[in-house]
Amino acid sequence: MSEGEARKEYTDIEALHQRINEESAFVEDLLREMGKVIVGQTYMVERLLVGLLADGHILLEGVPGLAKTLTVKTLSDCLQTKFQRLQFTPDLLPGDLIGTMIYNDREATFEPRKGPIFSNLVLADEVNRAPAKVQSAMLEAMQERQVTIGDQTYLLEDPFLVLATQNPIEQEGTYPLPEAQVDRFMLKLNVGYPSRQEEQEILRRMTKQEQPHADRIVSPADVLRARKTVREVYMDEKIENYILDIVFATREPEKFGFKDLANAIEWGASPRATIYLTLASKAYAFLRRRGYVTPEDVRSIAPDVLRHRVILTYEAEAEDLTSEQVLRTILDTLEVP
């Protein structure tokens, strides 16, 4: 590359950075508004915004009472979008989710009645409590962004985001999501407990007579415009190769010097992981109001993109090895550009 070309590329990146810095200004307002209701949980809130901006569904795992439902509801309140909360139960049917055909006595015809999946933000609460048919119907809607009722196919309204929760401590009466289907989720979040100071603030805030609420400050059009901008975030070829190294290290660990992991990993991350890690890294940079991706962006979001895509062998699980530990070894060892 000549000196003139290098100067032009630098100027273009600077202009892009400036534009994204201006267009991402609403993020701070959104975080501040959500902070009126949600105490702490910065990790969960930021990852929800990453999924929203990168157009990827999210699986949240954590014990009950960690404000997972409240956080999703608060995000919907801020976005001026339609919100549906679905409590998944063993007796739920696919029609309860996507809708069904209803007979019209007056017209003597069948008419479609759309189900709660026809919304912008859909919270699938305790998704692993529903049988496989219901999970399959939801996952199809997530992937195809459309639903078929009778002989008619209906496109789902954009933005469309599914946020599913599952309880990791109770497995009785549940239908665990197959690993191949969990791959449909861009991110899997492990939601933890708040700190003592945060919980004291929760205690004070949530026991008052008037409960806090968030105002609508962002429109769906703002979200769709931000999504287009996120894809324009600059990613250097070195960062692209770093993402490829991370993904391929989960498939061929011995080629990257991880001989100890060769017998621990049954299946590595799929090409979908490469796409999602790229988009999530760009969205993470957008949240930081930058027009370019850094290696730290990739390192920060990689565990959330990959933890449910690295399948360990039976022997590794018997030794209490987790995908988190495998990913941490890879991320801490691979050379960072």
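Everything below is about the structure shown above.
Throughout what follows, the structure given in this document is the object of discussion. (Residues numbered from 1 in each chain as written. Predicted model: local features only at pLDDT ≥ 70, side-chain atom pairs only at ≥ 80, totals over all residues. Heavy atoms only, no water.)

1. Some details on helix α12 (residues 295-306)
Phase 1 of the analysis: Across its 12 residues, α12 extends 16 Å between first and last C-alpha, which sits within 8% of the 16 Å expected from 1.5 Å per residue.
Phase 2 of the analysis: Judged by how many residues are buried, α12 sits mostly within the fold: 10 of 12 residues are covered.
Phase 3 of the analysis: Those residues of α12 that sit buried are P295, D297, V298, S300, I301, A302, P303, D304, V305 and L306.
Phase 4 of the analysis: Buried residues in α12 make contact with α3 (42-54), β9 (187-190), α10 (237-251), α11 (271-287) and α14 (323-333). (Helix = DSSP H or I, 4+ residues; strand = E, 2+ residues; numbered from the N terminus. Expected span 1.5 Å × (residues − 1). Buried < 20%, exposed > 50% of the residue type's maximum accessible area, 1.4 Å probe, protein only. Contact = heavy atoms within 4.5 Å.)

2. Side note on the nonpolar core
Phase 1 of the analysis: Formed by 74 residues in total, the largest nonpolar core has its most connected members in L163 and L187.
Phase 2 of the analysis: Here the element with the most residues in this core is α11; it accounts for 10 residues.
Phase 3 of the analysis: Not counting the four nearest positions on each side in its chain, L163 is found in contact with L48, I58, L60, V72, L121, V122, L123 and A124.
Phase 4 of the analysis: Formed by 28 residues, the second largest nonpolar core is a distinct cluster that contains I98, V127, V134 and V147. (Core = buried A, V, L, I, M, F, W, Y, C linked by side-chain atoms within 4.5 Å.)

3. Concerning the pattern of salt bridges
Phase 1 of the analysis: Overall, the coordinates contain 27 salt bridges when judged by the stated rule.
Phase 2 of the analysis: Taking the shortest distance from any N to any O, the salt bridge between R145 and D55 comes out at 3.1 Å. Placement of R145 in the loop between α6 (132-144) and β6 (146-149) and of D55 in the loop between α3 and β1 (58-61) is noted, with a sequence separation of 90 residues between them.
Phase 3 of the analysis: A salt bridge links K82 to E157, with the nearest nitrogen and oxygen atoms 2.9 Å apart. Highlighted residues: K82 in the loop between α4 (68-79) and β2 (83-87) and E157 in the loop between β7 (152-155) and β8 (161-166), separated in sequence by 75 residues. (Salt bridge = Lys/Arg side-chain N within 4 Å of Asp/Glu carboxyl O.)

4. Structural notes on the sheet that holds β8
Phase 1 of the analysis: Reading across the sheet, the five strands line up as β2-β5-β8-β1-β9 and stay open at both edges, with parallel pairing between neighbours. With partners counted over all chains shown, the strands left at the sheet margins are β2 and β9, one partner each. Neighbour to neighbour, the strand axes of the sheet diverge by 15 degrees on average, direction disregarded.
Phase 2 of the analysis: Pairing of β1 with β9 involves four bridges; the strand directions are parallel. Residue pairing across strands places L60 opposite L189, the latter belonging to β9.
Phase 3 of the analysis: Together, β1, β2, β5 (121-125) and β8 form the strand contacts of α4, whose direction differs from that of β5 by roughly 170 degrees. (Pairing = 2+ DSSP bridges. Axes fitted to C-alpha atoms, helices over the stretch in contact; angles between N-to-C directions.)

5. Let's talk about the side chain of H308
Phase 1 of the analysis: Structurally, the position occupied by H308 is in the loop between α12 and β11 (311-312).
Phase 2 of the analysis: Polar side-chain contacts of H308 include one of 3.2 Å to the side chain of R309.
Phase 3 of the analysis: Aside from chain neighbours lying at most four places away, what touches H308 is V182, F185, M186, L187 and K188. (Polar contact = N/O pair within 3.5 Å; in protein donor to acceptor, adjacent residues only side chain to side chain.)

6. Section: the environment of R32
Phase 1 of the analysis: Residue position: R32 is located in helix α2 (residues 26-34).
Phase 2 of the analysis: In the structure, R32 is positioned 182 residues away from A214 in sequence and 9.4 Å away in space, judged by C-alpha atoms.
Phase 3 of the analysis: A distance of 2.3 Å separates the side chain of R32 from the side chain of D29, its partner in a polar contact.

7. Focus: the pairing of strand β4 (residues 109-114)
Phase 1 of the analysis: Two elements, strand β3 (residues 99-104) and β4, share six bridges in a ladder whose sense is antiparallel. Counted as the bridge partner of G99 is K114 from β4.
Phase 2 of the analysis: What sits between the antiparallel neighbours β3 and β4 is a turn of four residues, in which A108 has the positive phi angle 60 degrees.

8. Notes on the environment of G268
Phase 1 of the analysis: Note that G268 resides in the loop between β10 (265-267) and α11.
Phase 2 of the analysis: Remark: the alpha-carbon pair of G268 and E252, spanning 16 residues in sequence, is separated by 7.9 Å.
Phase 3 of the analysis: Residues within four places of G268 in sequence aside, it is in contact with T250, R251 and R309.

9. With respect to α14
Phase 1 of the analysis: Taken as a whole, α14 has its buried residues at S323, V326, L327, I330 and L331. The buried residues of α14 occupy an angular sector of 125 degrees when the element is viewed end-on, so they sit on one face. (Arc of directions from axis to C-beta.)

10. Concerning the packing of α10 against α12
Phase 1 of the analysis: Packing of α10 against α12 brings their axes to within 11 Å, and their N-to-C directions diverge by 30 degrees. Taken together, the axes of α10 and α12 lie roughly parallel to each other. In the crossing of α10 with α12, the sense of the turn from one axis to the other is right-handed. Facing α10, whose interface residues are I239, Y242, I243 and I246, α12 presents P295, V298, R299 and L306.
Phase 2 of the analysis: A breakdown of the residues in the contact of α10 with α12 according to their chemical character gives seven nonpolar, no polar and one charged. (Parallel < 35°, antiparallel > 145°, perpendicular 65-115°, else oblique. Left-handed = near helix turned anticlockwise from the far one by under 90°. Nonpolar A, V, L, I, M, F, W, Y, C, P; charged D, E, K, R; others polar.)

In short, the description is geometric, and any link to function would need to be established separately.
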